[in-house]
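Each chain is listed here by its residues.
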Amino acid sequence: MLALQIALQVLLAITSLLLTLMILLHKGRGGGLSDMFGGGVTSSMNSSGVAERNLNRITIILGVVWVVVIITLGLFTRFNLVA
């Protein structure tokens, strides 16, 4: 069980970093922090709809994996399956 726990913790770290990166790559919608840091200037540029949809899909998949890993680690801790 220890090897599985370590693997899940590594997966959690990787998905956390990737999820943060994917969220930061999203195009700003305006009126938020993205405008404060210059997002309003680049919002006039047209981005590919396909690229934005793929970015959304990847972000959602990473988010689901992240939640599943956290729930699994929580269950390990709750039922004392941690070595």
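Scroll up to find the structure.
For clarity, every value in this text was computed on a predicted model and none was experimentally measured.

Colleague: Outline helix α1 (residues 2–25), supporting the account with residue identities and numerical values.
Modeller: In this model, α1 (24 residues) spans 35 Å end to end at C-alpha, consistent with the 34 Å of a helix rising 1.5 Å per residue. In the core, the buried residues of α1 are packed alongside α4 (49–78).

Colleague: An account of the environment of E52 is needed here, citing residue identities and associated values.
Modeller: Of note, E52 is situated in helix α4. Classification of E52 by relative accessible area gives buried; the value is 14%. For the pair E52 and L25, spaced 27 residues apart in the sequence, the C-alpha separation amounts to 9.5 Å.

Colleague: Report on the side chain of T15, specifying residues and quantitative values.
Modeller: For T15, the position within the fold is in helix α1. For T15, a relative accessible area of 4% puts it in the buried group. Dropping the residues within four chain positions of it, T15 is found in contact with L62, V65 and W66.

Procedures and definitions
- Residues numbered from 1 in each chain as written.
- Predicted model: local features only at pLDDT ≥ 70, side-chain atom pairs only at ≥ 80, totals over all residues.
- Heavy atoms only, no water.
- Helix = DSSP H or I, 4+ residues; strand = E, 2+ residues; numbered from the N terminus.
- Expected span 1.5 Å × (residues − 1).
- Contact = heavy atoms within 4.5 Å.
- Buried < 20%, exposed > 50% of the residue type's maximum accessible area, 1.4 Å probe, protein only.

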